[in-house]
Amino acid sequence: MSNKAYITGTCIIRNNGIFHNGQLVWEAPGAELQEFLRGAYDHFSGQYPKFHKMDPLSKLGWLAAEVLLKDNPVLQLPKEAVGMMLSNRSASLDTDIRYYATVKDIASPALFVYTLPNIVMGEICIRHGFKGENTFFVSEQFDTALLSAYPTELLSTTPLQACLVAWVEVMEQDYEVIMVLVERNGQQPLDKESLDAIR
Amino acid sequence: MSDLKSQIVEQLNLQEVKPEDIGNDDPLFKTGLGLDSIDALELIVLLQQHYNIRIANPEQGPEIFHSIRTMAEFITAQQQKQQA
């Protein structure tokens, strides 16, 4: 088994634009985050009403996966063979604050269920049926060393054949998603330099 | 019942459902509107916020939240009790 992993696709969401494999595929200049997210959902997906109940963190990660995995052969792999490794700076603080505001009146169950950062991974797994290993790290910055070394290890030493690797950050109107699809074979090796170049 | 439908659509963030599309006797869970367990909790919150009604016996939940009609009948009965 090769001790390497390869980047086979990228999706970046920032500055009101969505980039798939480096190409701008959709934008909504000037839109507030919620308006941007709704517009992107209508453009790329639709027919998944649960999207509207998600918090912004889950919507961002879910959308990036939606763009990255559309018609992708990875969806045909055994569900146990697709994993995920996500990371961000603010965990679920954006939603935690809004949930805390509701506690003063009647606590919102719908907000409460999103007061953990790893829920975004659950939403992606539910959408695509993935059952592989997943992990969420909180770090001050996009740790390209960790987010290249760990997935490489996973693909080398576990049954995983593909892994979504991403930085998914949101705090109020500031947001950024850098998601890459990593597989055992490909052209562009997954390493710190590659992730630094993509970000 | 139309007010109740609008309140449910807003409370549960059902952005792709129009209140008028919800049948009075359609099941709210599973086959009908497809609500889940978190939605059930939000419906309890809705009763508290909009009607100042608390459900004393949680086992009544499935019966109360079966449909728009059963919810409306429960709300009406509770309001009559409050006024008595």
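Residues numbered from 1 in each chain as written. Chains lettered and ligands numbered in written order. Predicted model: local features only at pLDDT ≥ 70, side-chain atom pairs only at ≥ 80, totals over all residues.

**With respect to the overall build of chain A**
Put simply, the rule is: Only DSSP runs of H or I covering at least 4 residues are called helices, and only runs of E covering at least 2 are called strands; the numbering of each starts at the N terminus. To get the radius of gyration, use the C-alpha atoms; to get the globule rule, take the number of residues to the power 0.38 and multiply by 2.2 Å. By the convention adopted here, residues are in contact when the distance between their C-beta atoms, placed from the backbone, does not exceed 7 Å.
Summing up its helical and strand segments, chain A has seven helices and eight strands in all. By the compact-globule yardstick of 16 Å for 199 residues, chain A fits well, its C-alpha radius of gyration being 16 Å. With the C-alpha coordinates aligned to their principal axes, the bounding extent of chain A is approximately 55 × 30 × 30 Å. A fraction of 66% describes how many contacts in chain A between residues 6 or more apart in sequence connect residues 24 or more apart.

**Overview of the packing of helix α1 (residues 2-11) of chain B against helix α2 (residues 37-51) of chain B**
Two measures define how a pair of helices packs: the angle their axes make with one another and the distance between the axes. Residues and elements named next belong to chain B. Short version of the rule: For helices, the fitted line uses only the C-alpha atoms of the stretch in contact; every axis is such a line through C-alpha atoms, and the angle between N-to-C directions lies from 0 to 180 degrees. An angle below 35 degrees is read as roughly parallel, one above 145 as roughly antiparallel, one from 65 to 115 as roughly perpendicular, and any other as oblique. By convention the crossing between two helices is left-handed if the near helix lies anticlockwise of the far one by an angle smaller than a right angle, and right-handed if it lies clockwise.
Between α1 and α2, the least distance of the axes is 10 Å, while the angle of their chain directions is 125°. Here α1 is positioned oblique relative to α2, judged by the angle of their axes. Crossing geometry of α1 relative to α2 is assigned as right-handed. When α1 is examined against α2, the residues Gln7, Ile8 and Gln11 are found in contact with a partner set consisting of Glu42, Leu46 and His50.

**Describing the interface of chain B and chain A**
The line we're drawing: Three categories are distinguished: nonpolar for Ala, Val, Leu, Ile, Met, Phe, Trp, Tyr, Cys and Pro, charged for Asp, Glu, Lys and Arg, and polar for the others, with Gly belonging to the last.
Between chain B and chain A, the residue contacts involve 10 residues of the former and eight residues of the latter. Here the residues of the side of chain B that touches chain A sort into four nonpolar, four polar and two charged.

**A word on the confidence of the model for chain B**
Our working definition: On a scale of 0 to 100, pLDDT captures the predictor's confidence in every residue.
Per-chain confidence: chain B averages 92 in pLDDT, with 100% of residues scoring 70 or above. In the model output, the complex is listed with pTM 0.92 alongside ipTM 0.79.

**Quick notes on helix α1 (residues 33-44) of chain A**
All names here are of chain A. Just so we agree on the cut-off: Multiplying 1.5 Å by the helix residue count minus one yields the expected span of that helix. Counting other C-beta atoms within 10 Å of its own, a residue is labelled buried from 20 upward, exposed at 12 or fewer, and partly exposed in the gap between, with every C-beta atom placed from the backbone. Throughout, the arc means that of the directions going from the helix axis to the C-beta atoms.
With 12 residues, α1 ought to run about 16 Å at 1.5 Å a step, and its terminal C-alpha atoms sit 16 Å apart, in line with that. Every buried residue of α1 is accounted for by Phe36, Leu37, Ala40 and Tyr41. Taken end-on, α1 shows its buried residues confined to a sector of 135°, consistent with a single buried face. More than 90 degrees from the buried face of α1, the exposed residues found are Gln34, Glu35 and Asp42. Taken together, the buried residues of α1 touch β2 (17-20), β3 (23-27) and α2 (56-69).

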